[in-house]
Amino acid sequence: MTVLTAIGTYLPPWGGPKGRVPGPDEDAVTLGVAAGRAALDGASPTGVRAVVLVTRELPLLVGGNGAALLGGLGLPHDVPVTEQVGGAPAVADALLGAAPGTLVIGVDVPEGGLAGASAGLVGERGVAVETVGRVVRSLPVESRTPDGVSRDYADPRLSRERGLGGAVEALDLADKPLAVAGVPAKQAAALCAGAPAALPTVGASSLLFAVAALEQGGVVLATEQASATALRVESVPPVVRDEPTAQPVPRSSTTPGPEIAISLASYERAFEAKLRWEAAKCGSCGTLALPARFRCLECGAEEGWSSAALPRTGEVYTVVTVHVPVPGLPTPYSLAVVELDDVGVRALVKVTGAVAGKVGIGDRGRLVFRRVAVRTGIPDYAYALLPEPAAATTEGSA
Amino acid sequence: MRRVAVVGAGMTPFAEHFGLGVKDLVPMAVSEMAAHVDKGLDRADIQAAWFGELSSTDGFAAGILADTCGLLDIPVTHVENACATGNDAVRNATYAVGSGAVDVALVVGADKVRESSARSTFWEWAAMTRDQAWDYPLGLVAPANFALHVARYLHESPATREHLAMVAVKNHKHALPNPKAQLRFEITVQQALDAPRVVEPFGLYDCTPQSDGAAALLLVAEDVVDRYTDRPVWVRGVGLGLDRVMHQHKRDMTTFPPTVKAVKAAYAMAGVTAADIDVAEVHDCFTGVELISYEDLGFCERFGAADLIEKGVTAVGGAKPVNPSGGLKAKGHPPGATGVAQCVEIVEQLRGEAANQVDGARTGLAHNIGGPTAVSAVTVLSSERG
């Protein structure tokens, strides 16, 4: 038995009635960070002793995503990260086998598919979750090989009847489930007692979206093609949702051209402060430096630096919008110098989650973890300004 | 310090010189400079050279100048100070001549922006002046650097996009008679406002073109000036100023502190004030930068630039003509050459031989700002010995 303390969910701000799509600055790590931070809302990060990331869209297969994930979540360097390829059953199995202090994150960001992320924190106190049954079978109607090529056998009835149908039959459940994760809403409804809530995704993140949508405890089915895990949740744990209203995907263009160069030495020096949103604090006068530097901006001291967390809210001091084609970056995009609240520190950041050009001087927003560029194949993570909803819908002055 | 005079000035046209390398443009500019020396130049007189250049596909900068100009027996120093390179090369040569170390010094500036493909220029040139971890990957392309300042300036000052357009209109008009200018056509305020957006608030006509070119000056000590001309132009003041490199660390982005520092030093050395400047070549890589620079150079009070451009004060014929050559905006902007070419223009203005002559100009100023906005160099030139 596992105890679920909290659930956090995240949906990208882009898309329409058919579902959400990721922004150009989002990937499985940024989505996972957003959901994980929602799940940890208020919880002490020191209580997290392990992270499991389940997705089929790992940004790097070689090179590692764990440090970026820990950085974005604000977790210490000694927390083990498991990067797992899988769907909803893998998330169910990770949760059911997890020790207290484990953050299990499921992320979906498939090419052309439904994007979203959810995370569950396993703890000492909360909602009991137990295994009802598990069946692992093979009927790969949809497949994807390591070269990224997806194939569809194109036989939905075979998939429905012999795939999921076969799995449900094998599970031999005593009661009908309250929700089925991993299949479209219509197919889920056919298998459920009552009318389950429509879920925003069908992959790894769908299970905790399903649990979060429950009105009472009961059996939930985590499925992926011909495999399924059935679990029973005692009741509904607290849910924190980071699910902004969906906006239509703005028009943008990408220009072919040279890749953005990267110096990995410079990347490594900046990595911790850049991903953890930390300034260096002068031991002599307390001045904050972003980025960290050898000699204090204010008093000239050259030693005694410590790191200090930066505020994640601020106001736009100046902002511009780049329309001209820039190879490797989707245009247009807005760049802003943001005055962070109450610390006398400004940051130069990209604007995210708003149509380019819609943010003006004086608008407020929060700083969120995003992938600002991909440089010669390496994701470059940093913080971007997510304008407050009111700001993003008014015409900017820039 | 000894007085220093300019006795020769020359430049190539600024253009897309696809057919010419830096190896060709440099000797062309030097030969034109030599031909401009009233009483002639024996190249054996040149004792040292300073060469301003940011980047080239032709190889090692100082060696290229020595090799292509047949100056193999003198020291050549490469100067690189972002967009302030040209006027900084002038400053260094002025110190060498003024100190008595050499009597005759050559200053050359050159660059070829069009050696990069049009679409890769941003990344290749941005890599030289951005923090590679914090700023570069955000897509802080050159126009964005300046637009961040100008957006705030438009927010705080009475200036509007129309005032930016007026700068473009003026400088395009000024370039018309200049045979060395890259963009020799007039535009209207409406055309500038309607042009495709580059980096809001800048449209296409708010931006300098991508240019190739070279320029050269001959600086000599007052002791030997009579050997070369009876109409010298004196280098009365030079100045260089710096600021925090990252925009995040610049507290007031409606002004360029490097310019304020550089011009203060140059005015003090020259013993002049802004009121004494009859003609100026100001760094208008983007239109709004010219407006902010009016204020930083002391041509008007803070936030008074909109009024100045609106009333035509800075047009040729006005009380404080700025960029009679067309400026970077219309003459062009090969960075290493730009400051040197500004001095070529001012020398011609002060000798009464400019293509777009300001009547009776006796004292002039050349100004660069760059890096992206963390360095400025200013040169004050005068027909009066002082």
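Residues numbered from 1 in each chain as written. Chains lettered and ligands numbered in written order. Predicted model: local features only at pLDDT ≥ 70, side-chain atom pairs only at ≥ 80, totals over all residues. Heavy atoms only, no water.

1. Here we look at the environment of Ala204(A)
Residue and element names in this part refer to chain A. With respect to the helices, strands and loops of the structure, Ala-204 is situated in the loop between helix H5 (185-191) and helix H6 (206-212). We classify Ala-204 as buried; its relative accessible area is 1%. Not counting the four nearest positions on each side in its chain, Ala-204 is found in contact with Val-54, Thr-55, Gly-86, Gly-87, Ala-88, Val-91, Gly-106, Val-107 and Asp-108. (Helix = DSSP H or I, 4+ residues; strand = E, 2+ residues; numbered from the N terminus. Buried < 20%, exposed > 50% of the residue type's maximum accessible area, 1.4 Å probe, protein only. Contact = heavy atoms within 4.5 Å.)

2. Concerning the pattern of salt bridges
Taken as a whole and judged by the stated rule, the model has 36 salt bridges over all chains. Arg295(A) is the partner of Glu302(A) in a salt bridge, and the nearest nitrogen-oxygen pair spans 3.0 Å. In this structure Glu302(A) comes out as partly exposed when scored by relative accessible area, which is 37%. Arg362(B) is the partner of Glu384(B) in a salt bridge, and the nearest nitrogen-oxygen pair spans 3.3 Å. (Salt bridge = Lys/Arg side-chain N within 4 Å of Asp/Glu carboxyl O.)

3. Here's the deal with the sheet that holds strand E10 (residues 363-370) of chain B
Residue and element names in this part refer to chain B. Spatially, nine strands are ordered E3-E2-E4-E7-E1-E8-E11-E10-E9 in an open sheet, and the strand pairing comes out mixed. Pairing within the sheet leaves two strands with one partner each, and these edge strands are strand E3 (76-79) and strand E9 (279-281). Here the average twist between neighbouring strands, direction ignored, is 25 degrees. In this structure, strand E8 (residues 233-242) lies alongside strand E11 (residues 375-382), joined through eight bridges in antiparallel fashion. (Pairing = 2+ DSSP bridges. Axes fitted to C-alpha atoms, helices over the stretch in contact; angles between N-to-C directions.)

4. As for the sheet that holds strand E15 (residues 278-281) of chain A
Residues and elements named next belong to chain A. Sheet architecture is open: three strands sit in the order E16-E15-E17, paired in antiparallel fashion. Sheet topology places strand E16 (288-289) and strand E17 (306-309) at the edges, where each strand pairs with a single neighbour. Bridge count for E15 against E16 is two bridges, and the pairing is antiparallel. Bridging from a neighbouring strand, Lys-281 pairs with Leu-288 of E16.

5. Quick look at the confidence of the model for chain A
Of all residues in chain A, 98% attain a pLDDT of 70 or more, and the chain-wide mean is 94. Here residues 392-398 of chain A is a poorly scored stretch, pLDDT under 50, and it has 16 contacts once near neighbours within four places are set aside; other chains count. (pLDDT = per-residue confidence, 0-100.)

6. A few points about the domain arrangement of chain A
Per the domain assignment, the segments making up chain A are domain 1 (2-242), domain 2 (252-277 + 312-398) and domain 3 (278-309). Here the C-alpha centre of domain 3 of chain A lies 41 Å away from the C-alpha centre of domain 1 of chain A. (Domains from an automatic or database assignment.)

7. Remarks on the interface of chain A and chain B
Between chain A and chain B, the contact holds 43 residues from the first and 36 residues from the second. Between chain A and chain B, the buried area comes to about 3,500 Å², and carbon and sulfur atoms account for 65% of it. For chain A, the biggest contributors to the area lost against chain B are Tyr317(A), Arg346(A) and Leu348(A); these three give 18% of the whole. Counting across the chain A and chain B interface gives one salt bridge. Between Glu339(A) and Arg251(B) there is a salt bridge whose closest N-O contact spans 3.5 Å. Where chain A touches chain B, the interface holds 16 residue pairs in polar contact (both at pLDDT 80 or more). (Buried area = accessible area lost by both parts, 1.4 Å probe. Polar contact = N/O pair within 3.5 Å; in protein donor to acceptor, adjacent residues only side chain to side chain.)

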